[in-house]
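# Examination of the molecular architecture
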Amino acid sequence: MNTVSYKAYEHLAHATKAQPLVTVVIPFFNEAEVLTTCHTRVCAALSNLQQHCEIIYIDDGSQDNSWSLVSEFTHRLHQVRCLRLSRNFGKEAAMSAGMKAASGRCVILLDADLQDPPEYIPDMVKAWQAGAQVVEMQRQERHGEGWLKRTTAHCFYRFMSHVSDHPITENVGDFRLMDQKVVSVINTLPERTRFMKGLLAWPGFTRTVLSFDRDARLAGTTKWNYPKLMHLALEGITSFSTKPLRWATMAGLATSLIAFVMAIVIFTKTLVWGDAVAGYPSTILIILFLGGIQLLSIGVLGEYVGRLFIESKQRPLYVLMEDAMQKPTFQSMETK
Ligand code: UDP
Ligand code: MG
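Residues numbered from 1 in each chain as written. Chains lettered and ligands numbered in written order. Predicted model: local features only at pLDDT ≥ 70, side-chain atom pairs only at ≥ 80, totals over all residues. Heavy atoms only, no water.

Labelled according to an unreviewed UniProt entry, the protein chain appears under the name Glycosyltransferase family 2 protein, originating from Marinomonas vulgaris. In the Subcellular location (unreviewed entry) part of its UniProt record, the protein chain is described as follows: "Membrane". (UniProt positions renumbered as here; feature names shortened; annotations may be inferred.)

Right under this line is the structure:
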């Protein structure tokens, strides 16, 4: 590199050695089609900040050529780190790996498919610099998602905010900014069942909500399907609330009460009017009703026991297979 162009970048040399202002954590699974555009747009958004930042890509066991793509990504001013998990552990685990590795003064979680536009990053950073320790991004429009997904998502958020012991802001996904302090609290949470919307909300701290329109996926298809979403919803409910257990007890109490009242009615009818005992259909209905309530309650109990079983094994959340760090290219030129 000649002296003239080196001089032109000299002021950056100092900046790239300081702690990154922002770490953008991007988990992905088979996203080769979108990663190059994602990197370009994230870098462009970070360039507006004119400070040294960090981008961490987490390959959650992709089977396409995503890893060979990201491990080549570099930037003049920003540090690019690529973590590769040994298999597909799920987005929650991948995000946890990224948050553990993050060294920035604040952390932003972003989807690789560009549904959460990186162009909002400067606004998020501004809100953080104005004093908010958590900047939540609330979805107004959800482009590219059918009415069924929108309705079920809405019902789930409503239900969760009702059952959760800690407030979870409606229509806020993983796209958010968190101060380093908040991230270090989340990193200490040991549970294996990582319902991120709950975990991210748990530490509290000062919050600001910004609105945004969620774009459609740039390319490829969603990694979620309804059985997976159902599983996530059950995990969310059982890991963040014990209310269903209470409801099971209430249902048991209510049915016992109904049975008691019915027994009195039947006895009175038989003794006073000499009526015959009610017939076969009502007996079968009652047996089915009680059986249903019992099975449901056992199922609810089983969900909680299942969580205990998983937690008690204390297995690691994810296994790291590779960790590649690309220092800012400007810095590597400097050392040549
Ligand atoms: N993802 C991941 N591991 C998985 C599934 C998804 O890292 O097992 C990533 C995916 O590549 C994307 C983000 O999580 O960057 C969100 O996934 P997706 O777009 O499929 O979810 P949706 O936006 O439809 O809820
Ligand atoms: Mg998506």
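### Quick word on the overall build of the protein chain
Secondary structure summary: the protein chain contains 13 helices and 8 strands in total. For the protein chain, the spread of C-alpha atoms along the three principal axes comes to 110 × 40 × 35 Å. Put simply, the protein chain has 336 residues, and 43% of those count as buried. Summing over all exposed atoms, the protein chain offers an accessible surface of approximately 17,600 Å²; the carbon and sulfur share of this is 62%. Charged side chains of the protein chain number 34 positive and 31 negative; the gap between the two group centres comes to 3 Å. (Helix = DSSP H or I, 4+ residues; strand = E, 2+ residues; numbered from the N terminus. Buried < 20%, exposed > 50% of the residue type's maximum accessible area, 1.4 Å probe, protein only. Areas by Shrake-Rupley, 256 points an atom, 1.4 Å probe, with all protein chains shown as cover. Lys, Arg positive; Asp, Glu negative; His and termini not counted. Charge placed at Lys NZ, Arg CZ, Asp CG, Glu CD.)

### Focus on the packing of helix α7 (residues 147-163) against helix α10 (residues 226-240)
Interaxial distance between α7 and α10 falls to 11 Å at its minimum, and their mutual angle equals 10 degrees. Considering the angle they form, α7 stands roughly parallel to α10. Between α7 and α10, the contacting residues are L148, K149, T152, F156, F159 and M160 on the first element and Y226, L229, A233, G236, I237 and F240 on the second. The residue makeup of the contact of α7 with α10, split by class, is 9 nonpolar, 2 polar and 1 charged. (Axes fitted to C-alpha atoms, helices over the stretch in contact; angles between N-to-C directions. Parallel < 35°, antiparallel > 145°, perpendicular 65-115°, else oblique. Contact = heavy atoms within 4.5 Å. Nonpolar A, V, L, I, M, F, W, Y, C, P; charged D, E, K, R; others polar.)

### Observations concerning the coordination of the magnesium ion (ligand 2)
Every protein donor of the magnesium ion (ligand 2) is listed here as D113 (OD) and Q115 (OE1), and their distances to the metal cover 1.9 to 2.0 Å. Among the residues examined, D113 registers a relative accessible area of 5% and is labelled buried. Residue Q115 is classed as buried on the basis of its relative accessible area, which comes to 10%. (Donors = N, O, S within 2.8 Å, 3.2 Å for Na, K, Ca; no water.)

### Quick word on α10
In this model α10 runs 21 Å from its N-terminal to its C-terminal C-alpha over 15 residues, within 8% of the 21 Å that 1.5 Å per residue would give. Of all the positions in α10, only L232, A233, E235, G236, I237, T238 and F240 are classed as buried. (Expected span 1.5 Å × (residues − 1).)

### Digging into the confidence of the model for the protein chain
Taken as a whole, the protein chain shows an average pLDDT of 83; of its residues, 90% reach a score of 70 or greater. Confidence over residues 1-6 falls short of pLDDT 50; this stretch has 5 contacts with residues more than four positions distant or in other chains. (pLDDT = per-residue confidence, 0-100.)

### Things to note about the pairing of strand β5 (residues 134-142)
Counted residue by residue, β5 has 7 buried out of 9 residues, so it is predominantly covered. As paired strands, β5 and strand β6 (residues 172-179) are joined by 4 bridges and run antiparallel to one another. Of the residues in β6, the one forming a bridge with V134 is M178. Sheet topology places β5 next to strand β7 (residues 207-214); 7 bridges connect them, and they run parallel. Following the sheet pairing, R142 is matched in β7 by R214. (Pairing = 2+ DSSP bridges.)

### Quick word on the pattern of salt bridges
The full count for this structure, using the stated rule, is 11 salt bridges. D111 is the salt-bridge partner of R214, the closest N and O atoms lying 3.1 Å from each other. A residue pair is termed long-range when its members are at least 10 positions apart, and R214 in strand β7 and D111 in the loop between β4 (106-109) and α6 (121-129) qualify at 103 residues. Accessibility expressed as a relative area gives 14% for D111, which makes it buried. For R176, the salt bridge goes to E136, with nearest N and O atoms at 3.6 Å. Note that R176 is positioned in strand β6 and E136 in strand β5, a separation of 40 residues in sequence. Here the two residues R176 and E136 agree in accessibility, since each one is buried. Shared partners join several salt bridges into a network, and the residues in it are K91, D111, D116, D174 and R214. (Salt bridge = Lys/Arg side-chain N within 4 Å of Asp/Glu carboxyl O.)

### Things to note about the site of ligand 1
Within the structure, ligand 1 sits among 18 residues, and E31, D60, D113, T222 and K223 are positioned closest to it. Within the side chain of N88, a nitrogen or oxygen atom sits 3.0 Å from an oxygen atom of ligand 1. K91 has a polar backbone atom sitting 3.5 Å from a nitrogen atom of ligand 1. For ligand 1, whose unbound accessible area comes to 530 Å², protein coverage reaches 94%. Of the residues in the shell around ligand 1, the class split is 5 nonpolar, 4 polar and 9 charged. (Near = heavy atom within 4 Å. Polar contact = N/O pair within 3.5 Å; in protein donor to acceptor, adjacent residues only side chain to side chain.)

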